[in-house]
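Commentary on secondary and tertiary structure
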Amino acid sequence: MVKSELTYISLFSCAGIGCLGFTKAGFKCIATNELISRRLEIQKFNNKCERDEGYIQGDITLPETKELIFREIEWWKENRKIDSVDVVVATPPCQGMSIFNHKKKDSDIVRNSLVIESLTLVKEIQPKFFVFENVPAFMDTVCLIGDDERCSIREAHNRILGEDYVFYADTINFKLYGSNSSRTRTLVIGVRKNIAQHISPVELFPDRTHEPTLREIIGMLPSLKTMGEISTTDIYHAFRSYPDYMRPWICDLLEGQSAFDNEDKMKRPYKIDKSGNIVENANKTGDKYKRQVWDKVAMSVHTRNDQLASQNTIHPSDDRVFSIRELMRMMTIPDDFAWTDTPYSEL
């Protein structure tokens, strides 16, 4: 197993943040696949692949997309003399699996079946290792295998990869293993059977480490008090403005309190109907309009965390949502990660 270069392939790679650690650890990216081109552009801004051909935009279910991946593998075998790909990492779409998506449809099950594409590609590529990361319910979620047969994703792993790989799956909170925020996910690690006698999947799971508090992650950043304020030293330390009438909802909140806890009805979230009546919003979850706590681990960053009405959005002391820089640090994204090809000094 001694070789000059370590390599990986990333599937469903989005902006490349999920597999950034492999690049940081010195792995060379043979190919990265993403459906949406603007996400792939961000990967290019961060020089993820050595070859332009490694950035593969397209539907992974199409033969022509897969062929581009296999073409890159052959190039690396011929020109870099690798014997096989070291790791395939995949984070298939999980909308149909998430516990927050209560109304699953047949279309969700079909979408979940993109996992089958990942498993099949691992079978064909035969990397030494594979790593899948997804929501806690991942392995027990239903997917389609074949034309219309339904089975759990765990069973799909066994049926597609069982002859060639041993794998281990566990649901862990990434905050215990180096993440800057709480994020409970299922991690699946597989080892090709011809090397499994030397190392097991369990040995590749991370060691527990210090759990950083929100104060340790963002406490050194300057306070932002004025609506629309941008830090004079960091353009990404800025937050999205919200309507002035919402400020009383959050201005008196202590750490850990929600706007729904306010005794004054006019300080609880509301909307005005067509007749001009005030209609109080329903408190459907316990983490909306909630001020976060300095000396606890940051909560998981949800979709649209730039909006006041999203989940776990409110700064521990300022009356605002978290800034872009704060969210980046909470998501363990390095400060030097590039979102554009325009130099930071020019921005």
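Note that the structure is predicted; figures quoted are calculated from it, not measured.

Here's the deal with the sheet that holds strand 1 (residues 7-11)
Backbone-to-backbone hydrogen bonds join strands into a sheet, with any given pair of strands oriented parallel or antiparallel. In space, the seven strands of this open sheet follow the order 3-2-1-4-5-9-8, with mixed pairing throughout. Each edge of the sheet is formed by a strand with only one pairing partner; in this case those strands are strand 3 (55-57) and strand 8 (165-173). Across the sheet, the mean angle separating the axes of adjacent strands is 15° when strand polarity is ignored. Bridge analysis of strand 8 against strand 9 (residues 184-192) gives nine bridges, and the strand direction is antiparallel. Counterpart to Thr-171 in the pairing with strand 9 is Thr-186. Docked against the sheet, helix 3 (residues 63-79) engages strand 1, strand 2 (28-34) and strand 3, running at close to 175° with respect to strand 2.

What to know about the pairing of strand 6 (residues 142-145)
Across four bridges, the pairing between strand 6 and strand 7 (residues 149-152) is antiparallel. Each residue of the ladder has a partner; that of Leu-144, found in strand 7, is Arg-150. In textbook terms, the turn of a hairpin is the stretch between consecutive antiparallel strands, and for strand 6 and strand 7 this stretch comprises three residues, one of which, Gly-146, has a positive phi near 80°.

What counts as what
Residues numbered from 1 in each chain as written. Predicted model: local features only at pLDDT ≥ 70, side-chain atom pairs only at ≥ 80, totals over all residues. Heavy atoms only, no water. Pairing = 2+ DSSP bridges. Helix = DSSP H or I, 4+ residues; strand = E, 2+ residues; numbered from the N terminus. Axes fitted to C-alpha atoms, helices over the stretch in contact; angles between N-to-C directions. Contact = heavy atoms within 4.5 Å.

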